[in-house]
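If you want the building blocks of each chain, they are given just below.
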Amino acid sequence: NVGIHIHLAESEENVSQIKQKHGLTEVGLLEKIGFLGSDVLAAHCIHLTEKEMQLLAKRNVKVSYNPVANMKIAQSTAKIKDLLDLGVTVGIGTDGPASNNNLDMFQSMKIAALLQKQYYKDPTILPAQTVLKMATIGGAKALGLEKTVGSLEVGKKADIILLDFKKPHLTPIHDFYANIVYSAHGSDVDTVIVDGKILMENKDVKTLDEEMVMSKTQKTAANIPKRKAPIVKFIKNAT
């Protein structure tokens, strides 16, 4: 009962390699070996045919849409509208810092919406309220956690963020959904509550020393190139 996470149909190169080796697409191969199911969370899902998208919907596979990362490494655009129309659960992801950098979910929400509008050439595609749902309850469903998190309901964990709307870029307010998706930044988060516990209040982090973490991160990053050689050597020896 452990969920499975996989990158799927992310690049044309991978799709081509799998087809040459197995005579099947990535989705076709996974279907053949009985891999696809409701416990699978597939990231990216860019290079999919209509038939493959229908198969993912049939098997109740969840999808993680990572627009910023896909744009940064130029892997094209996932057909999120088509997946949603087929009933596929789609959450919004950031991918890793190597292909996204700041991992700001607010930025990811904005680009998630704009990229789909651009791709389908339709400004009504993926409205702000839909995007916010994808980033909250959609993400919870994608991870199989919708019974405990993802929305504010009796019986669920009190996972809440408070936004400071007293900012020039968030004024005036005509539509809260639009302001959150198109104008807000991660830095606008004032307070963070996880399972009822306050982790940050009035931008003061209660659970760790930010200066210490940033200092340690910088030192660790500087040492990464030095640590690559023994890892490669270990892999060669293992082979």
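Residues numbered from 1 in each chain as written. Predicted model: local features only at pLDDT ≥ 70, side-chain atom pairs only at ≥ 80, totals over all residues. Heavy atoms only, no water.

Participant: With reference to specific residues and values, describe the nonpolar core.
Facilitator: Judged by nonpolar contacts, the single largest core of 41 residues is most densely connected at Leu-8, Leu-56, Tyr-65, Ile-80, Val-90 and Met-109. A total of five residues in this core trace back to one element, the largest contributor, which is helix H6 (residues 105-120). Excluding anything up to four places from it in sequence, Val-90 contacts Val-63, Tyr-65, Ile-80, Leu-83, Leu-84, Met-134 and Gly-138. (Core = buried A, V, L, I, M, F, W, Y, C linked by side-chain atoms within 4.5 Å. Buried < 20%, exposed > 50% of the residue type's maximum accessible area, 1.4 Å probe, protein only. Helix = DSSP H or I, 4+ residues; strand = E, 2+ residues; numbered from the N terminus. Contact = heavy atoms within 4.5 Å.)

Participant: Can you lay out the pairing of strand S6 (residues 189-194) for me, pointing to particular residues and giving the numbers?
Facilitator: Where strand S5 (residues 160-163) meets S6, four bridges bridge the pair, whose relative direction is antiparallel. Within the sheet, the bridge partner assigned to Ile-161 lies in S6 and is Val-192. Bridging between S6 and strand S7 (residues 197-201) involves three bridges; their strand directions are antiparallel. Across the sheet, the residue bridging to Val-194 is Lys-197, located in S7. The turn linking S6 back onto S7 is made up of two residues, and Asp-195 within it adopts a positive phi angle of 55°. (Pairing = 2+ DSSP bridges.)

Participant: Mind laying out the environment of Asn-179, listing which residues take part and the relevant values?
Facilitator: Inspection of the secondary structure puts Asn-179 in helix H8 (residues 176-183). C-alpha separation for the pair Asn-179 and Ala-128, spaced 51 residues apart in sequence, amounts to 8.7 Å. Every residue in contact with Asn-179, bar those within four places of it in the chain, is listed here: Phe-165, Leu-170, Thr-171, Pro-172, Ile-173, His-174 and Ala-184.

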